[in-house]
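The primary structure of each chain is shown beneath.
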Amino acid sequence: MAALLLLLMVSVLSATCTRAETIPSVTSYLSENDKIRLKSVIEPGLNLKDLSSTYYTVHGYKLLQETIPNKEKICNYLSKSIGDGSNVAPEAAFYIVSIWKILETCQSLPTPIIKVLMNTIEKDTATFAELYYAVNSLTLLSKKITPEKSEKLAKTLQVALRKDDSLWNLGYTFHIASDLGPAGQFAFDRIEDAIIQADEVNGQFLQFEGGLSITSFLVNGIFKLGSSLKKRPPLTSQQIVKLTNYLLSRRSVQTPKGVLSLLSALNTLAVNEFETPVCITLPDEGVIVSSKQPLVTVKVCNIFGKPLPTVPKVIANSATKIDNDTAIISKKTLQPSATDKTLFTMDFMEAKPDRGFYKISISAASVTNIVKIKVLTDVMVDYLKIGTGDADQTTQPKLSRVAFPEKLNQKIEADSQQKLVIRFLLRDSANKKPMRVHQAFIRLSSVSTSNSYEEGNEIIFVAEPDNSHVYKFDMPLTSAAVNFGYQSGDYNIDLIIGDAVLSNSFQWTVATVNLKFPDAVATESNGKNASYKQKSNIYTTKPEIKHMFREPEKRPPAFVSNLFTGLCLAPALLLFILWAKLGVNISNFPLSISAVLFHLGLGSIFVLFGIFWLKLNMFVTLRYLLGLGVVTFLAGNKLLSNIAHRHKSVH
């Protein structure tokens, strides 16, 4: 039994240690440039045009540890805003009291303001926001709420949460409960209800729906409540790191309220008594290591870029090359800087790394982070040969060796029956092995206009390596003539080498060549088989795009149209003929408003249909038809009712 218990304890301790080693660090911090920009966002609040803006500015200056200017002017503005204190709203009172508390130089606040705040917390109809402003204002004024009122307020909050436990209401509850003492214990049990509603993004960020404002408000409330009750909030280390990462990702916020939300939440996380986030990152955008600069520098600090309370031991757990996962370092201690307590360095080139990109796992203060660096190398030209050869490859090309960075002392002559040939090999200066680069170009530019970018005076080709890493370039003059516009003459040949992992990318003028291209007419038939096609200029003016409407279909002859119209009108003509033959009992027409309106409306509808056929569209026709139809319907209904009533009276 004892052995089993011991085994269980060892397992728990092992799991705890493993978990501690895998706690990630924050990946960034609030830099001095960030603070300067945030200060510029809240600075307009010093114009004293709005009470809330003034509060955001004064509180923001305090969190940025900046000196608040014109304190006397701000105090006068507060006095003007509060008046005698009897009619101030809870929100305005909170702003005024907060500013008054931060400045500490203003005259005493009017006594009635305390009565207003007390009345607010005693009202049964007070909202969560009003209670939040009132309770926080009283706390700032050092006016403690009696245990009886605290218990009553706690019960009121619990009842209200049963009706609406939205994130904002939970946040208000956490803030209020933190000022109620033991009576606020009920709110601590609701923290998990809020945390479970947080959204995780990309496995790195944790935020609440609604963005920065609600996330900051809940973070402040949760840790304020935990501090009040001396209990660690139910947040894991990973959740704290992800919340911090989200807040830091919003440091480009552009509104004064957003700046205060950001600074207040970061300050809460940086100074809370339970767990403070640690940042492990590179001091700049990235670290480039080479034989000239062999040191890797890592910054370990809090989220405001300040040193940690105690200098931690910083260890490089491992360093592996990204493309093949080859490990070259294991458990290497970084040395602290003598001038900056946040910087730690190690000589990375001691491990003799190959060129490329590496990821280093860094541990400090029980957290770990992965940083990425780039190792540069110098490239050296092992050899370069240049010359000409027969285009039909009947003989071996005649090549001359050129030493870097010299230029071939004689001019190369090449005519239309030959090809220009270049062979070269590059080596890594660190290990002397042959290497390939991302960019290997051969540039030919006219000697007379070598500094000009006129079309036809410069052309760049890509040199391709073979399996042995030897770069080859063959240019038959006959097939390449079209690219040069058949402009014979002297051309400079430059070798351009570049790569992301090279510290000495270069452009080297290798030689001068006299190119004698054939006539354009003689090579016109060979243009289709050219090895190097000249691309059309994509930046020239394109022809105007004109919309082509479909031609209308051929209409029938006028005789057919007139005949069809006559056939359509035949029923109406027949109606008039029958009326003339049978007779029309016009005397029996009821002389009433409804009868006249009905027949006029019915006739107007037929006329409207005729106009629709000639010129109107469907939407305009329906608009007119709606009015005519309503009048005709009501008049017809009245007319039929009168006729039915008259027949009933007769019978």
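Within each chain, residue numbers correspond to sequence positions counted from 1 in written order. Per-residue local features of the predicted model are confined to residues with pLDDT of at least 70, and side-chain atom pairs are confined, for both listing and counting, to 80 or more; whole-chain, interface and lining totals are unaffected and use all residues. Each side-chain value is derived from all of the structure's non-hydrogen atoms; neither hydrogens nor water enter the calculation.

Asker: Quick rundown of helix H5 (residues 90-103)? Include the residues and the values.
Answerer: What counts as a helix is a DSSP run of H or I of at least four residues, what counts as a strand is a run of E of at least two, and both are numbered from the N terminus. By this rule, a helix spans an expected 1.5 Å times one less than how many residues it contains. When the terminal C-alpha atoms of H5 are compared, their 20 Å separation across 14 residues agrees well with the 20 Å that a helix rising 1.5 Å per residue should span. The rule is simple: take the accessible area with a 1.4 Å probe, protein chains only, and divide by the maximum for that residue type; under 20% is buried, over 50% is exposed, in between is partly exposed. The buried fraction of H5 amounts to 10 of the 14 residues, a majority that puts the element mostly inside the structure. Among the residues of H5, those classed as buried are Pro 90, Ala 93, Phe 94, Tyr 95, Ile 96, Val 97, Ser 98, Ile 99, Ile 102 and Leu 103. Looking at the residues trailing H5, positive phi occurs at Glu 104, about 60°.

Asker: With reference to specific residues and values, describe the pattern of salt bridges.
Answerer: By definition, a salt bridge exists where a carboxyl oxygen of Asp or Glu is found within 4 Å of a side-chain nitrogen of Lys or Arg. Overall, the coordinates contain 20 salt bridges when judged by the stated rule. Glu 66 serves as the salt-bridge partner of Lys 39, at 3.4 Å between the closest nitrogen and oxygen. With Lys 39 in helix H2 (residues 32-42) and Glu 66 in the loop between helix H3 (51-63) and helix H4 (71-82), this residue pair connects regions lying 27 residues apart in the sequence. A residue is classified by how much of its surface remains accessible, and Glu 66, at 35% relative accessible area, is partly exposed. Here Lys 472 makes a salt bridge to Asp 466, at a shortest N to O gap of 3.5 Å. Through salt bridges with shared partners, one network takes in Glu 32, Lys 35 and Lys 306.

Asker: How would you summarise the sheet that holds strand S8 (residues 335-336) if you had to cite specific residues and measurements?
Answerer: When DSSP finds two or more bridges between a pair of strands, those strands are recorded as paired. Ordered by their spatial adjacency, four strands build an open sheet running S3-S5-S9-S8, and the pairing between neighbours is antiparallel. Both outer strands of the open sheet, strand S3 (279-281) and S8, are each paired with one neighbouring strand and no more. As paired strands, S8 and strand S9 (residues 343-347) are joined by two bridges and run antiparallel to one another. Note on S9: the bridge partner recorded for Pro 336 is Phe 344.

Asker: Lay out the packing of aromatic side chains in plain terms, naming residues and giving numbers.
Answerer: What counts as a ring pair is set by centres within 6.5 Å for rings of Phe, Tyr and Trp (its six-membered ring), and what kind of pair is set by the plane angle: stacked under 30 degrees, edge-to-face over 60, tilted for all other angles. Applying the stated criterion across every chain, the model contains 22 aromatic pairs. Here the aromatic rings of Tyr 132 and Tyr 172 are separated by 5.4 Å at their centres, their planes lie at 50°, and the arrangement is tilted. With a gap of 40 residues between them, Tyr 132 in helix H7 (residues 128-140) and Tyr 172 in helix H9 (residues 167-177) connect regions that are remote in the sequence. When its relative accessible area of 14% is taken as the criterion, Tyr 172 is described as buried. Pairing Tyr 132 with Phe 217 gives two aromatic rings, centres 5.3 Å apart and planes at 80°, and the pair type is edge-to-face. Of the two residues, Tyr 132 sits in helix H7 while Phe 217 sits in helix H12 (residues 212-229), which places them 85 residues apart along the sequence. Put simply, the rings of Tyr 55, Tyr 56, Phe 94, Tyr 95, Tyr 132, Tyr 133, Trp 168, Tyr 172 and Phe 217 pair up and form one aromatic cluster. Throughout this description, the term charge over a ring refers to an Arg CZ or Lys NZ atom that lies within 6 Å of the ring centre and within 35 degrees of the ring normal. Above the ring of Tyr 383, the side-chain terminus of Lys 385 is found at 5.6 Å from the ring centroid.

Asker: Can you break down a nonpolar patch on the surface residue by residue, with the values?
Answerer: Where nonpolar side chains cluster on the molecular surface, the patch consists of Phe 559, Val 560, Leu 563 and Leu 567 and spans about 430 Å² of accessible area. Structurally, the position occupied by Leu 567 is in helix H16 (residues 558-582). Here a patch means residues that are over 30% exposed by relative accessible area and free of salt bridges, tied together within 9 Å if like-charged and within 5 Å if nonpolar (Val, Leu, Ile, Met, Phe, Trp, Tyr). Method for areas: the Shrake-Rupley scheme with a 1.4 Å probe, in which residue coverage is limited to the protein chains shown.

Asker: Could you give an account of the state of the cysteines, naming the residues involved and the relevant values?
Answerer: Count a disulfide wherever a pair of cysteine sulfur atoms falls within 2.5 Å. Under the criterion given, the structure shown has one disulfide. Covalently, Cys 75 is tied to Cys 106 through a disulfide, its sulfur atoms 1.9 Å apart. Around the S-S axis, the bridge from Cys 75 to Cys 106 shows a dihedral of about -75° and counts as left-handed. Here Cys 75 is found in helix H4, whereas its partner Cys 106 is found in the loop between H5 and helix H6 (112-122), with 31 residues between them in sequence. In this structure, Cys 75 and Cys 106 share a single accessibility class: buried.

Asker: Residue-level account of the pairing of strand S6 (residues 315-321), with values.
Answerer: With five of seven residues buried, S6 lies mostly within the body of the structure. Bridge count between S6 and strand S7 (residues 327-333): five bridges; the pairing is antiparallel. Its bridge partner lying in S7, Ala 319 is registered against Ile 329. A loop of five residues connects S6 with S7, the two strands running antiparallel in sequence, and Asp 325 in this loop sits at a positive phi of about 60°. Summarising the sheet, S6 and strand S10 (residues 356-364) pair through six bridges and their orientation is antiparallel.

Asker: Kindly report on helix H8 (residues 147-163), identifying the contributing residues and their values.
Answerer: Between its first and last C-alpha atoms H8 spans 25 Å; for 17 residues at 1.5 Å apiece the expected length is 24 Å, and the two agree. Within the span of H8, buried status applies to Ser 150, Leu 153, Ala 154, Leu 157 and Leu 161. Within H8, the buried residues cover an arc of 105° as seen down the axis, which keeps them to one side. Of the exposed residues in H8, the ones pointing more than 90 degrees away from its buried face are Glu 148, Lys 155, Arg 162 and Lys 163. Against H6, H7, H9 and helix H10 (185-188) lie the buried residues of H8. Summarising the geometry, the arc corresponds to the directions from the helix axis toward the C-beta atoms. By the convention used here, residues are in contact when the closest approach between their heavy atoms is within 4.5 Å.

Asker: Account for the sheet that holds strand S21 (residues 506-515), with residues named and values stated.
Answerer: Taking strand neighbours across the sheet as the criterion, the five strands line up as S14-S21-S20-S16-S17 in an open arrangement whose pairing is mixed. Of all strands in the sheet, those bounded by a partner on one side alone are strand S14 (412-414) and strand S17 (458-462). Along the sheet, successive strands turn relative to each other by an average axial angle of 30°, direction set aside. In this structure, strand S20 (residues 489-498) lies alongside S21, joined through nine bridges in antiparallel fashion. Each bridged residue has a counterpart across the sheet, and for Asp 490 the counterpart in S21 is Asn 514. As a rule, the C-alpha atoms of each element are fitted with a line to give its axis, helices using only the stretch in contact, and angles between N-to-C directions run from 0 to 180 degrees.

Asker: Go over the confidence of the model for the protein chain, please, and point to the residues and values.
Answerer: Here the protein chain averages 86 in pLDDT, while 91% of its residues score no lower than 70. The quantity known as pLDDT measures the predictor's confidence residue by residue, on a range of 0 to 100. Within the model, pLDDT remains below 50 along residues 1-21, and this stretch shows two contacts once partners closer than five positions in the same chain are excluded. Per-residue pLDDT stays below 50 along residues 450-455; that stretch engages in seven contacts with residues further than four places along the chain or on separate chains.

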